[in-house]
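Fold and geometry: a report
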Amino acid sequence: MSLLQVLDDYQNEALQVISQCGELSEIEEARIRFLGKKKGRLKEIQTQLSTAKPEERPLLGKRFNEAKNAVEASLNARKDELAKPAKQIAGLDVTLPGTAFPLGKRHPISKTISEFKEIAGRLGFDVADGPEVEDDYHNFVALNIPDDHPARDPLDNFYLSVAQEGAGGPWLLRSQTSTVQIRVMEQVPPPVRIVSTGRVYRPDTIDATHSCMFHQMEGLYIDKHVTMSNLKTTLKMIATQYLGDDIAIRFRPSFFPFTEPSVEVDIQWGENWMEVGGAGMVDPNVLKAVGYDPEEVSGFAFGLGIERLCMKRYGVKDIRLLYENDLRFLSQF
Ligand code: DAH
């Protein structure tokens, strides 16, 4: 075989082997095998070249260099390819910026609820829960709301058409979280210090500050010697913790069947005041309904509208925005 043929075979074989190298260690093996200074194939060929006739040497020398360069270049190229393996996948450039992963956010109402529970927790309140489908007894009767009270009007409540007369009377979607006061006091003896957050339902006409479904945080504190000033301090602390020290809060005498005396709680809303809840000293009739002794214990209760406080905090002007699930709105929180 001529030496030119030997060089061609050498190059072809080397390029073939290199193209099949799948790992950097194989590249190194190929380098030693084909270019190794001591025992490499090229070293062997170089020795053979010394036997060539003088007139053949320039051509063979040129071809020798070409083969050597080709093998070196091929080794380097394959090494680079292996160093960036993902680039080998057709059509995929891993250096391009990726598609943003749509990370969700918590809804402002959920955030407000968490914060309220946190604040109440720091004031020593446990968290309780109650059902959204309630019976007449827990929504009205035990809360001292008489049969003829306008709050029980079927037009002002979502009575369930499947409602049966069960032990607790007809069922409805609860119109207030005050129901949980009763459910908790039925279960545990005093003292009680709980908050409960959740949805309530009323067939109100929907506008910027009203919705047929909204959230409340109920609070109940029953113990010996609980006073109205404890109530005011608690509400003031919740309001300032959530809205900041500057928030103005006002208590207006009012009436609720389950508290005596009762107040409505307002916060400053621009030039005006906005009602954000009701509160008062738990009526002895409510305590009696759950088997507590009104001579022994007293307490306060409050119910705050979560949406309105949340709107105040974040400057939301229309309650409907909170329910429309418009990502342009929600992603701002
Ligand atoms: N349940 C009342 C409402 O939804 C708010 C309320 C008033 C809750 C006085 C209370 C309370 O706990 O003591 O309008």
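Residues numbered from 1 in each chain as written. Predicted model: local features only at pLDDT ≥ 70, side-chain atom pairs only at ≥ 80, totals over all residues. Heavy atoms only, no water.

**With respect to the side chain of Gln 216**
For clarity, the cut-off: Secondary structure follows DSSP: runs of H or I at least 4 residues long count as helices, runs of E at least 2 residues long count as strands, and numbering of each begins at the N terminus. Between buried and exposed lies partly exposed: a residue is buried under 20% and exposed over 50% of the maximum accessible area for its type, with that area taken using a 1.4 Å probe on protein chains only. We call two N or O atoms a polar contact when they sit within 3.5 Å, provided that within protein one can donate a hydrogen and the other can accept it, with sequence-adjacent residues counted only if both atoms are side-chain atoms. Residues are treated as being in contact if the distance between any of their heavy atoms lies within 4.5 Å.
Checked against the element boundaries, Gln 216 lands in strand 6 (residues 213-223). Relative accessible area serves as the criterion here: at 9%, Gln 216 is assigned to the buried category. Here the side chain of Gln 216 touches Thr 177 through a polar contact of 2.9 Å, landing on its backbone nitrogen. Here Gln 216 is in contact with Gln 176, Thr 177, Ser 196, Thr 197, Gly 198, Val 200, Arg 202, Leu 304 and Ile 306, once residues within four sequence places are set aside.

**Observations regarding the pattern of salt bridges**
So the rule is basically this: A pairing counts as a salt bridge when a side-chain nitrogen of Lys or Arg comes within 4 Å of a carboxyl oxygen of Asp or Glu.
Considering all chains together, one arrives at 19 salt bridges under this definition. We note a salt bridge from Arg 183 to Glu 134, for which the minimum N-O separation is 2.6 Å. Of this pair, Arg 183 sits in helix 7 (residues 179-187) while Glu 134 sits in strand 2 (residues 133-135); the two residues are 49 residues apart in sequence, bridging distant segments of the chain. Among the residues examined, Arg 183 registers a relative accessible area of 25% and is labelled partly exposed. A salt bridge links Arg 152 to Asp 136; its shortest N-O distance comes to 2.7 Å. Taken together, the residues Arg 152 in the loop between helix 6 (136-139) and strand 3 (158-159) and Asp 136 in helix 6 connect sequence positions 16 residues apart. Per residue, the accessibility class of Arg 152 equals that of Asp 136, and both read buried. Here the salt bridges do not stand alone but share partners, grouping Asp 8, Lys 62, Arg 63 and Glu 66 into one network.

**Quick word on the packing of aromatic side chains**
Here a ring pair, both rings aromatic, is described through the centre-centre distance and the interplanar angle of the planes. Using the following cut-off: Stacked, tilted and edge-to-face pairs are distinguished by plane angle, under 30 degrees for stacked and over 60 for edge-to-face with tilted covering the rest, among Phe, Tyr and Trp rings (Trp via its six-membered ring) whose centres lie within 6.5 Å. Whether a charge lies above a ring is judged from NZ of Lys or CZ of Arg, which has to be within 6 Å of the ring centre and within 35 degrees of the ring normal.
In total, this model carries nine aromatic pairs according to the counting rule given. Linked through ring pairs, Phe 125, Tyr 221, Phe 300 and Phe 302 together constitute an aromatic cluster. For the cation-ring pair, Arg 193 lies above Tyr 221, with the distance from its terminal atom to the ring centre recorded as 4.7 Å. Over the aromatic face of Tyr 242 sits the side chain of Arg 313, whose NZ or CZ is 4.6 Å from the ring centroid.

**Some points on the sheet that holds strand 7 (residues 249-256)**
So the rule is basically this: A pair of strands is treated as paired once DSSP finds two or more bridges between them. Axes here mean lines fitted to C-alpha atoms, for a helix over just the part in contact, with angles spanning 0 to 180 degrees between N-to-C directions.
In spatial order, the strands read 1-5-6-10-9-8-7; together these seven strands make up an open sheet with mixed pairing. Both outer strands of the open sheet, strand 1 (126-127) and strand 7, are each paired with one neighbouring strand and no more. Relative to strand 5 (residues 192-201), strand 1 is paired through two bridges, and the arrangement is parallel. Across the sheet, residue Val 127 finds its bridge partner in strand 5, namely Val 195. Set on the sheet, helix 7 makes contact with strand 5, strand 6 and strand 10 (298-305); between it and strand 6 the angle comes to about 40°.

**A short note on a nonpolar patch on the surface**
Stated precisely, the cut-off is as follows: Residues qualify for a patch when their relative accessible area is over 30% and they have no salt bridge, like charges being joined within 9 Å and the nonpolar side chains of Val, Leu, Ile, Met, Phe, Trp and Tyr within 5 Å. Using a 1.4 Å probe, accessible areas were evaluated by the Shrake-Rupley method; residue-level cover was limited to the displayed protein chains.
A cluster of nonpolar side chains, contributed by Ile 89, Leu 92 and Val 94, occupies part of the molecular surface with about 260 Å² of accessible area. As for its placement among the helices and strands, Ile 89 is situated in the loop between helix 4 (57-83) and helix 5 (108-122).

**Overview of the packing of helix 1 (residues 3-19) against helix 2 (residues 24-35)**
How we decide: For classification purposes, an angle smaller than 35 degrees is called roughly parallel, one larger than 145 roughly antiparallel, one from 65 to 115 roughly perpendicular, and anything else oblique. Ten residues, namely Ala, Val, Leu, Ile, Met, Phe, Trp, Tyr, Cys and Pro, are considered nonpolar, four, namely Asp, Glu, Lys and Arg, are considered charged, and the remaining ones, Gly among them, are considered polar.
One way to put it is that helix 1 packs onto helix 2 with a least axis distance of 10 Å and a crossing angle of 175°. By the angle class used here, helix 1 and helix 2 are roughly antiparallel. On helix 2, the residues touching Tyr 10, Glu 13, Ala 14, Val 17 and Ile 18 of helix 1 are Ala 30, Arg 33, Phe 34 and Leu 35. Among the residues forming the contact of helix 1 with helix 2, the class breakdown is seven nonpolar, no polar and two charged.

**Details of unusual backbone geometry**
Here the residue pair Pro 190 and Pro 191 is connected by a cis peptide bond, since its omega of 0° sits within 30 degrees of zero. The topology assignment puts Pro 191 in the loop between helix 7 and strand 5. Across the junction of Glu 260 and Pro 261, the peptide omega takes the value -5°, indicating a cis bond. As for its position among the elements, Pro 261 is in strand 8 (residues 259-269). Although it is not a glycine, His 225 adopts a positive phi angle of roughly 60°. Unlike most non-glycine residues, Asn 325 shows phi in positive territory, near 55°.

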